[in-house]
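# Observations on chain architecture
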Amino acid sequence: MSIVETKKLAYEYIRRDAEGNVEGITRAVDDVTMNIHQGEFVAILGANGSGKSTLAKHLNAIFYPTEGSVFVDGKDTKDESKLWDIRRTAGMVFQNPDNQIIGQVVEEDVGFGPENMGVPTKEIWERVEESLRIIDMLPFRKMSPMKLSGGQKQRVSIAGVLAMHPKCIILDEPTAMLDPLGRKEVIRAVTALNQVEKITIILITHYMEEVIGADRVIVMDKGQIVMSGTPKEVFSQIELLKELRLDVPDVTMLAYKLRQSGLPIPRGILTQEELISEIEKLKVAK
Amino acid sequence: MQLIVDHLSLQYNKGLSTEVKALDDVNLVINEGDFIGLLGHTGSGKSTLVQLLTALLEPTSGTIYFEGEDIFDKSYDRRKLRSKVGLVFQYPEHQLFEENVFEDVCFGPRNLGLDRKSVELRAYEALKKVGMPDELFYQSPFDMSGGQKRKAAIAGVLAMKPEILILDEPTAGLDPQGRDEILGLLRKMHDEDGITIILVSHSMEDVANYVNRIVVLDSGKLLYDDKPRAVFANYKKLEEIGLSAPKVTYVMDALRASGIEVPEDIITIDEAAQAIIKALS
Amino acid sequence: MIRDITIGQYYQTESVIHRMDPRFKIIATMVFIISIFIFTNPYIYIVASVFLGICIALSRVPFKFMVRGLKSVVMLILLTVIFNMFFIQGEPLFHIWKITISKEGVETAAYMAVRLIILIIGSSIMTLTTTPNQLTDGLESVMKPLKLFRVPVHEIAMMMSIALRFIPILMEETDKIIKAQTARGASFEDKNMIKRVKSLVPVLVPLFVSAFRRASDLAMAMEARCYRGGDGRTKMKPLKYHRVDFVGYVVIIIYFACIIFTGIYAHYLPFGEGL
């Protein structure tokens, strides 16, 4: 069953110069058709300016399509009467943790969404506790977000979305402002949400290591989808990714270099374990 | 030109229950021609150290000597220091303010009290150096992409003609191409113009590929100060303090564990590829 | 220096004051402020200071932490003192150059300084022990009667709470911007006033740009979490008076009675009518 669906989605905005005169029109998203199924973990990759964030903001009705349409859980995002339903179904986590935490105590922030939805008090408390437990932040519930690390702040943001009981969570470059430990922490939490809670995850990023665990990778360039497939399929095409100003994970790059120097190593190696077993095979063959 | 850090310590909130030793008895000598990677987990004291190096903070004890002079001495001219030791902060948004990029880059040299002609010449050279396309010179810095803003910010400091350039995570938030451009630029400035560079970074891969010396801080203390290979050989300890070695170091380690003879001190992908080919032939 | 401003910050710990209802804390703070302004004599300030001391002890917020907050308003206090001292006329006490300092001037200045300090510490107890969310809820509830006059009470309360949350963030940001510009050779200590004001431009522009960016990000994040104003909203922590709040009301009434009593009968005590 599909949870998020876009049909020939296009988004244009008008560029203006300092005096407010129209300079031109930018088509940030161009003819994007995709279908994301319930329970899937989809990563959207792309260089800065590829349109991936603009696309993400359509998926919970922050932006509306210029052309085409977006359906969330079968509801058209242009239908204003369904707006709050859509935002509840598809929760969104943004890049800068400081600019999305409203409460000054962790638990109050997590409760913000359910409060807006009109959830009864007793249930809000249950939801807050449950969300914080899932995301492993329960011990921090009484703390001020200012005192938390970047990774912890992002987990609070995720808990805040989780408390709205969404079917799908969209994360718009949630790790771009974090250090490596924080990045790992957030990705681990997101992966667990997908595997244990069966929540659909749409992860927007430009860190290659983060998408290895995804079910599907969509690569965007100049507002269009240019590649789509399993991580293995996508990372097999190193030359194409380089052209799109993207990297590949280091292990994949190493395997690629070995292959280039004539060793018979298959394309699309993603993990250390895969690479080592391939090299061991070669050694035995010798 | 030499920068000597001598028993430098800085405590915040001294005497309160929230006392933090941001920097604890650090000794360090920065020589001309160094390309240093400064590593440490968030809160390890690296930002504090770089701010002390430019006299933006005052130490609680210890001091720093630049060209033999104590930079915290009351009579020392700190503006002179800042013209020679440049610091680029992590977010370019914290320094860009003029209507266009060119004017913004002029800000630094103008503060040095130069005449208009040399200010503009320096700004032009700096923007050329960072590879800013001519047609963007008169664009508002606020309309530019993340990578271009970063370049404009670096040019703004470069225009002061520093002998030492310190950059606080200059690649954070950039996409792979933007990252490679900035790092390539730093290498060029180091190799061609002989600028000493201190790169504060979280990315072990960036550091392994570019620097010739690594300084590691942990809880305000200096933990390692050595060649990259030697530092990354301690990857187990690095992990304990929230850092790591480059990914390929782990691959090499696992290969050795399964009986494939590869050297221990490999830190870049190219080295790793060559070592594996050698081990298999 | 900028980090030292503690007004509007929440200090997290467990205490009776922390547990009290924000409505009570707001009303009590208002009563307290009124109490130090209705009379002018030293005994009032003694009673008020003792009461304040007890509150500080109960709040378990380190006194040092509060005093640090005071540092940031030292200038304001000094200014008040100087104005009062120089411009209030009366019985001449002594002369400095051409200015006459009067007895009344010194007296008023001293009273004003004490009042301001008590006022600031008193209200910072409220903000230090109440989370902005509680404060918002409290204000919203206390101001509810104003809704009849079409005052957007919920919106005002929400705006205040968000402002409070972003003050420390923007302070930190200001600090960073000043440092970034100082590293580029900027100086903020010019003797010339015009140059000094001009030197603030490189700080203010990035600060405003960033504040607007944060505001727009935050608005988007709030909308994404289904925020649509006060209607139909439920509360995670609805305000409910507990026994401790009723005790609080009794205590504050007794305190106020003490003040009135001291104010009326103070002139029987030495210095009761002023120093």
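Computed from a predicted structure; not experimentally measured.

### What about the overall build of chain C?
Per the secondary structure count, chain C includes 11 helices and 2 strands. Start at the N end of chain C and walk to the C end: the helices and strands fall as α-α-α-α-α-β-β-α-α-α-α-α-α. By principal-axis analysis of the C-alpha atoms, chain C measures approximately 65 × 60 × 40 Å. Counting the 275 residues in chain C, one finds 45% classified as buried. Here the analysis covers contacts within chain C between residues at least 6 apart in sequence; of these, 76% occur between residues at least 24 apart. Carbon together with sulfur atoms contributes 71% to the accessible area of chain C, which is approximately 15100 Å² in total. In chain C, 31 side chains carry a positive charge and 19 a negative one; their mean positions are 5 Å apart.

### Concerning the sheet that holds strand E8 (residues 200-205) of chain A
Residues and elements named next belong to chain A. With mixed pairing, 6 strands are arranged side by side in an open sheet as E6-E7-E8-E3-E9-E10. Single-partner strands in this sheet number two, and they are strand E6 (90-93) and strand E10 (224-229). Going from strand to strand, the sheet's axes swing by 20° on average, the running direction of each strand aside. The pairing of E6 with strand E7 (residues 168-172) spans 4 bridges and is classified as parallel.

### Some words on the environment of B:Ile154
Mapped onto the elements, B:Ile154 comes out in helix H5 (residues 146-158). Its relative accessible area of 0% is what places B:Ile154 among the buried residues.

### Concerning the domain arrangement of chain C
As assigned here, chain C comprises domain 1 (1-130 + 241-275) and domain 2 (152-236). Between the C-alpha centres of domain 1 of chain C and domain 2 of chain C the distance comes to 30 Å.

### So, the sheet that holds strand E1 (residues 2-12) of chain B
All names here are of chain B. Strand order in this open sheet of 4 strands is E2-E1-E4-E5, and the pairing throughout is antiparallel. The sheet is open, and its two edges are formed by strand E2 (20-31) and strand E5 (69-70), each paired on a single side. For strand E4 (residues 61-66) and E5, the ladder comprises 2 bridges, and the chain directions are antiparallel. Note that in E5 the partner of Tyr-65 across the bridge is Asp-70.

### Description of the interface of chain C and chain B
If you look at the interface, chain C gives 20 residues, while chain B gives 25 residues. Here chain C and chain B share an interface that buries about 2000 Å² over both sides, 63% of which is from carbon and sulfur atoms. Counting the surface chain C buries against chain B, the share from its top three residues, C:Lys179, C:Ala183 and C:Arg184, is 37%. On the surface where chain C and chain B come into contact, there are 1 salt bridge. The salt bridge involving C:Arg184 is made with B:Asp104; its shortest N-O contact spans 3.1 Å. Joining chain C to chain B, the criterion identifies 7 residue pairs in polar contact (both at pLDDT 80 or more). If you list the elements that add at least two residues to the side of chain C that touches chain B, you get helix H4 (63-71), helix H8 (153-183) and helix H10 (201-224) of chain C. A total of 8 residues in the side of chain C that touches chain B trace back to one element, the largest contributor, which is H8(C). Residue classes in the side of chain C that touches chain B are distributed as 9 nonpolar, 4 polar and 7 charged.

### Examining the packing of helix H3 (residues 101-111) of chain B against helix H4 (residues 116-129) of chain B
Residue and element names in this part refer to chain B. Relative to each other, H3 and H4 sit at 120°, their axes nearing to 8 Å. Looking at the two axes, H3 sits oblique to H4. Note that H3 runs across H4; the crossing there is right-handed. In contact with Val-101, Phe-102, Val-105, Cys-106, Pro-109 and Arg-110 of H3, H4 contributes Val-119, Glu-120, Arg-122, Ala-123, Tyr-124, Ala-126 and Leu-127. Each residue belonging to the contact of H3 with H4 can be placed in one class, and the counts come to 10 nonpolar, no polar and 3 charged.

### Describing a nonpolar patch on the surface
On the surface, a cluster of nonpolar side chains totalling about 780 Å² of accessible area is made up of C:Val74, C:Met75, C:Leu78, C:Leu79, C:Ile82, C:Phe83, C:Phe86 and C:Phe87. Position of C:Leu78 among the secondary structure elements: in helix H5 (residues 74-87).

### Some details on the environment of C:Phe87
Following the sequence through the fold, C:Phe87 ends up in helix H5. Through-space distance from the C-alpha of C:Phe87 to that of C:Ile259 is 29 Å; in sequence the pair is 172 residues apart.

### Some points on the packing of aromatic side chains
Counted under the stated rule, the structure contains 15 aromatic pairs over all chains. Ring plane angle 70° and centroid distance 5.2 Å describe the contact between B:Tyr235 and B:Tyr250, whose orientation is recorded as edge-to-face. Within this pair, whereas B:Tyr235 is found in helix H9 (residues 235-240), its partner B:Tyr250 is found in helix H10 (residues 247-257), the two being separated by 15 residues in sequence. Each member of the pair, B:Tyr235 as well as B:Tyr250, is classed as buried. Seen from their ring centres, C:Tyr241 and C:Phe246 are 5.8 Å apart, and the 45° between their planes marks the pair as tilted.

### Considering the interface of chain C and chain A
Listed as interface residues are 31 residues of chain C and, on the opposing side, 39 residues of chain A. Contact with chain A buries surface across chain C, with C:Arg165, C:Arg225 and C:Met236 losing the most and accounting together for 27% of the total. Between chain C and chain A we count 5 salt bridges in total. Here A:Glu107 ties to C:Lys237 by a salt bridge, and the two come within 2.8 Å at their closest N and O atoms. Counting the contacts that link chain C with chain A gives 15 residue pairs in polar contact (both at pLDDT 80 or more). Among the elements of the structure, helix H7 (132-142), H8 and H10 of chain C are those that each provide at least two residues to the side of chain C that touches chain A. Looking at side-chain class alone, the side of chain C that touches chain A contains 15 nonpolar, 6 polar and 10 charged residues.

### Some words on the side chain of B:Thr196
On the secondary structure map, B:Thr196 appears in strand E8 (residues 196-200). Those residues within four positions of B:Thr196 in sequence are excluded, and the remaining contacts are B:Met1, B:Ile30, B:Asn31, B:Glu32, B:Gly33, B:Asp34, B:Glu163, B:Ile164 and B:Leu165.

### Considerations on the pattern of salt bridges
Taken as a whole, this structure holds 57 salt bridges over all chains when the rule is applied. Notably, a salt bridge pairs A:Arg27 with A:Glu67, separated by 3.1 Å at the nearest N-O pair. Of this pair, A:Arg27 sits in strand E2 (residues 22-37) while A:Glu67 sits in strand E4 (residues 67-72); the two residues are 40 residues apart in sequence, bridging distant segments of the chain. Between A:Lys75 and A:Asp73 there is a salt bridge; the shortest N-O distance is 4.0 Å. Connected via shared salt-bridge partners are A:Glu107, A:Glu108, A:Glu129, A:Arg133, A:Arg141, A:Lys142 and C:Lys237.

### Examining the nonpolar core
Membership of the largest hydrophobic core comes to 75 residues, with the highest contact counts inside it found for A:Leu254 and A:Leu275. When neighbours within four sequence positions are excluded, A:Leu275 is seen to be in contact with A:Val251, A:Leu254, A:Ala255, A:Leu258, A:Ile265, A:Ile269 and B:Val251. If you look at the next biggest cluster of nonpolar residues, it comprises 52 residues, including B:Val88, B:Ile154, B:Val207 and B:Leu238.

Cut-off values and rules
Residues numbered from 1 in each chain as written. Chains lettered and ligands numbered in written order. Predicted model: local features only at pLDDT ≥ 70, side-chain atom pairs only at ≥ 80, totals over all residues. Heavy atoms only, no water. Helix = DSSP H or I, 4+ residues; strand = E, 2+ residues; numbered from the N terminus. Buried < 20%, exposed > 50% of the residue type's maximum accessible area, 1.4 Å probe, protein only. Contact = heavy atoms within 4.5 Å. Areas by Shrake-Rupley, 256 points an atom, 1.4 Å probe, with all protein chains shown as cover. Lys, Arg positive; Asp, Glu negative; His and termini not counted. Charge placed at Lys NZ, Arg CZ, Asp CG, Glu CD. Pairing = 2+ DSSP bridges. Axes fitted to C-alpha atoms, helices over the stretch in contact; angles between N-to-C directions. Domains from an automatic or database assignment. Buried area = accessible area lost by both parts, 1.4 Å probe. Salt bridge = Lys/Arg side-chain N within 4 Å of Asp/Glu carboxyl O. Polar contact = N/O pair within 3.5 Å; in protein donor to acceptor, adjacent residues only side chain to side chain. Nonpolar A, V, L, I, M, F, W, Y, C, P; charged D, E, K, R; others polar. Parallel < 35°, antiparallel > 145°, perpendicular 65-115°, else oblique. Left-handed = near helix turned anticlockwise from the far one by under 90°. Patch = residues over 30% accessible without salt bridge, like charges linked within 9 Å, V, L, I, M, F, W, Y side chains within 5 Å. Phe/Tyr/Trp six-rings, centres within 6.5 Å; stacked < 30°, edge-to-face > 60°. Core = buried A, V, L, I, M, F, W, Y, C linked by side-chain atoms within 4.5 Å.

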